[in-house]
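# Structure at a glance
Letter by letter, the chains look like this.
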Amino acid sequence: MVFRKLPGVSASGMGLRLSQKFVFLLFLSGLVTLCFGALFFLPDSVRLKRIFLSKTETQPVTVGSGSENDAREHLKRPNKDQEHGPRAMTPAKGETSSSKLKSQSRKPPVSLEATEERLAGGKAQEDLTLPRSKTESSGSERATASDHGANSDTFSYQKFKRCLLKPPLGRDNGKPSDPKTNERREKVKEMMKFAWDNYKRYAWGKNELRPLTKNGHIGNMFGGLRGASIIDSLDTLYIMGMMEEYNDAKEWVKTSLDLNSNGEASLFEVNIRYVGGLLSAYYLTGEELFKSKALELGEKLLPAFNTPTGIPRGVINLGSGTSWSWGWASAGSSILAEFGTLHLEFVHLSELSNNPIYTEKVMNIRKLLNKIEKPHGLYPNFLSPVSGNWVQHHVSIGGLGDSFYEYLIKSFLMSDKTDDGAKKMYYGALEAIEANLVQKSPGGLTYMAEWRGGILDHKMGHLACFSGGMIGIGADDGEPEKRQHFLDLAAEITHTCHESYTRSATKLGPEGFRFDAGAEATATRLSDRYYILRPEVIESYMYMWRLTHDPKYREWGWEAVEALEQNCRVESGFSGIRDVYTVSVSHDNMQQSFFLSETLKYLYLLFSDDDLLPLEDWVFNTEAHPLPIVRKSCLQDEATQDKTVSE
Ligand code: DMJ
């Protein structure tokens, strides 16, 4: 390389004078600092930023194809604003070294009062209300750390059982006295047996059954974990009294559930299916095995929260603790329905481990959501875990948003109605939803539209049909003058979702239905016509039945049973279908694990007496795994009594 001679610069190899060298070096270092600093202002998705700022490597994550669930579902529905880039995930910028995280999660338990203080920045905040019963938790029950960053020996199952108002399985396992209803219930049990037997025969230990090709499906939503259908079925088998099958499932968990996998998992899916499934199996049966597996797995999810804001990223490597945002999510954002659907399970992880870290993590999410500006009081679906700001203004009660709202009201109910923060957020959100999203079609059907920066998309997803049940269970705790209104709204939404079923040839509902261009509760696009054994409509029938005892809900449930038998039952299991509008059905070759966990469970409960898993004692997580209401004051009394007896 030849350097041209500059004035004042000796030709001897860029021999500058000392003062010139100094000025030049100063200029150079200023330039480098400027460039490096600018990297921080680039969006997470910019490659340069990932290379220079990432402490973790960028890894591609492929997302499951055949089987549908919500994260997989997101992949199929990119909109213009969220085009999938390369399948590289945005790396976490914050700390992700698993050793550091382990030490964090193993720190000695701190009191919830201290937690609240820390989260609220030292002073109580009105909008960050921990459950009132926090002050009732027994400090004396906190002991030393155990295997899983927890004091798991301090939770007493016997105490917990005494604090339930009713026996979980009712007087006679919820058997209805009416013979016709009982016959229907038996039919649902037979469907469960058929689905389970075929899974066991052809796909045992894999995640889901492919009923046409008679083999198993693993997918890559669960970070290398196996047996999703087994974990999702434990409680369904148990409440249906299928003890032989339940014991096979339990034995598999004991001998074959390996939590030391090292793959990329959806934080949301692992939480709702595995953590939720193990927790409910524990609470129903008292088997310590399920508790320790739930705690072990729960701890592996914690590194996902190591972001600048504490909002977790969507994807986590269960082995290394490295986490990413989904490649398809705008600018490395996290998804409302994912980070907003952890609360129920995490509160129980804290209960069982006596380690407040899980509650702290989810309360921190709530704190941030309370603090930031909400357009018209609505919660958009995408949030940056780095800046803590909304990334785009798409609001939906269906996919991407759905279970966030569900977990607000259920957090309140699960706290024995002491969690006023959750209550306030839920009714505030519902008010905004009613003001901006709830619509009436020309034909008189009430529906929830989607909202894109103020413009309404007159579409409702099958997923959004859970909202009938949600609004129903929340009706009673609303303002007295609004209670009947909420119950009516819940009934109207459920009616609309039923219409989406009755207006199809198969009597099953499409993935999405519209209310524009003359359409009323029907899919107008080919891509919205499929049905993948989803539970949401039946879930709302079950809640509405429990709340009103209007026999139409049982009739609607039975219509769904007949339609499932007619269109989805194949030689070796149940399969989703590609087009609900044609009776010469084409099957998708997938028996979703949520069919066993949710669809069949909700049907069974619909045809059972209300004392099977009574709502006074249980809330269902978003995968239909029942979790008990936490009665802190009762547990406290029980603890005091125990102490008195032993003195
Ligand atoms: C389930 O995994 C859960 O119900 C989730 O909240 C929504 N999607 C599926 C069922 O459709």
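The text that follows walks through the structure, step by step, so that each part is easy to find. (Residues numbered from 1 in each chain as written. Predicted model: local features only at pLDDT ≥ 70, side-chain atom pairs only at ≥ 80, totals over all residues. Heavy atoms only, no water.)

### Some words on the packing of aromatic side chains
Scanning the model with the defined rule gives 32 aromatic pairs in all. When the centroid spacing of 5.3 Å and the interplanar angle of 65° are considered together, the rings of tyrosine 238 and tyrosine 246 count as edge-to-face. The same class applies to tyrosine 238 as to tyrosine 246, namely buried. Lying over the aromatic face of tryptophan 204, lysine 200 brings its terminal NZ or CZ to 6.0 Å of the ring centre. Sitting over the ring of phenylalanine 194, arginine 569 keeps its end group 3.9 Å from the ring centre. (Phe/Tyr/Trp six-rings, centres within 6.5 Å; stacked < 30°, edge-to-face > 60°. Buried < 20%, exposed > 50% of the residue type's maximum accessible area, 1.4 Å probe, protein only. Lys NZ or Arg CZ within 6 Å of the ring centre and 35° of its normal.)

### Notes on the state of the cysteines
A full pass over the atoms with the stated rule returns 2 disulfides. Here cysteine 163 engages in a disulfide with cysteine 634; their sulfurs sit 2.1 Å apart. Here cysteine 163 and cysteine 634 share a disulfide; its torsion about the S-S bond, -90°, makes the bridge left-handed. With cysteine 163 in the loop between helix 6 (157-162) and helix 7 (179-203) and cysteine 634 in helix 22 (residues 632-646), this pair connects stretches of sequence that are 471 residues apart. Here cysteine 163 falls in the buried class, since its relative accessible area comes to 6%. The disulfide that involves cysteine 465 links it to cysteine 497, with 2.1 Å between the sulfurs. Since a negative S-S torsion denotes a left-handed disulfide, the cysteine 465-cysteine 497 link at about -90° is left-handed. Taken together, the residues cysteine 465 in the loop between strand 15 (459-461) and helix 17 (467-474) and cysteine 497 in helix 18 (residues 483-502) connect sequence positions 32 residues apart. No difference in accessibility class separates cysteine 465 from cysteine 497, as the two residues are buried. Cysteine pairing for the protein, with bonded cysteines counted in sequence order: 1-4, 2-3. (Disulfide = S-S within 2.5 Å. Helix = DSSP H or I, 4+ residues; strand = E, 2+ residues; numbered from the N terminus.)

### Examining the environment of glutamine 392
Along the chain, glutamine 392 turns up in strand 9 (residues 390-392). On the accessibility criterion, glutamine 392 (12% relative accessible area) is buried. A C-alpha to C-alpha distance of 6.2 Å links glutamine 392 and phenylalanine 382, two positions 10 residues apart in sequence. Among the polar contacts listed, one links the side chain of glutamine 392 to the side chain of serine 330, at a separation of 2.6 Å. (Polar contact = N/O pair within 3.5 Å; in protein donor to acceptor, adjacent residues only side chain to side chain.)

### A few points about the sheet that holds strand 9
Spatial ordering of the open sheet is given by 7-8-9, a layout of 3 strands whose pairing is antiparallel. In this open sheet, the two strands that pair with only one neighbour each are strand 7 (334-335) and strand 9. Where strand 8 (residues 382-383) meets strand 9, 2 bridges bridge the pair, whose relative direction is antiparallel. By the bridge assignment, leucine 383 is partnered in strand 9 with tryptophan 390. (Pairing = 2+ DSSP bridges.)

### Examining the side chain of threonine 359
Its location among the elements puts threonine 359 in helix 14 (residues 357-371). The contact partners of threonine 359, leaving out residues within four places of it in the chain, are Phe346, Val347 and Ser350. (Contact = heavy atoms within 4.5 Å.)

### Quick notes on the sheet that holds strand 14 (residues 455-457)
With antiparallel pairing, the 3 strands of this open sheet are ordered in space as 10-13-14. With partners counted over all chains shown, the strands left at the sheet margins are strand 10 (394-395) and strand 14, one partner each. Relative to strand 13 (residues 450-452), strand 10 is paired through 2 bridges, and the arrangement is antiparallel. Bridge assignment links valine 395 to a residue of strand 13, and that residue is tryptophan 451.

### Quick notes on the packing of helix 7 against helix 20 (residues 552-567)
The contact between helix 7 and helix 20 brings their axes to 11 Å, and the two run at 35°. At the point where helix 7 passes helix 20, the crossing takes the left-handed sense. Along the contact surface, helix 7 presents Lys180, Thr181, Arg184, Lys187, Val188 and Met191, while helix 20 presents Arg554, Glu555, Trp558, Val561, Leu564 and Glu565. (Axes fitted to C-alpha atoms, helices over the stretch in contact; angles between N-to-C directions. Left-handed = near helix turned anticlockwise from the far one by under 90°.)

### Regarding the environment of methionine 460
Mapped onto the elements of the fold, methionine 460 is located in strand 15. Placed 62 residues apart in sequence, methionine 460 and threonine 522 show a C-alpha to C-alpha distance of 9.6 Å. In this structure methionine 460 touches Tyr447, Met448, Cys465, Ile493, Cys497, Gly512, Phe513 and Phe515, once residues within four positions along its chain are discounted.

### Quick notes on the pattern of salt bridges
Going through the model one piece at a time under the given rule, you end up with 35 salt bridges. Aspartate 611 serves as the salt-bridge partner of arginine 171, at 3.5 Å between the closest nitrogen and oxygen. Remark: aspartate 611 occurs in the loop between helix 21 (593-606) and strand 19 (618-620) and arginine 171 occurs in the loop between helix 6 and helix 7; sequence separation between them is 440 residues. Judged by relative accessible area, arginine 171 falls into the exposed class, the value being 72%. By relative accessible area, which is 14% here, aspartate 611 ends up buried. With its nearest N and O atoms 3.0 Å apart, the salt bridge here joins glutamate 245 to lysine 193. (Salt bridge = Lys/Arg side-chain N within 4 Å of Asp/Glu carboxyl O.)

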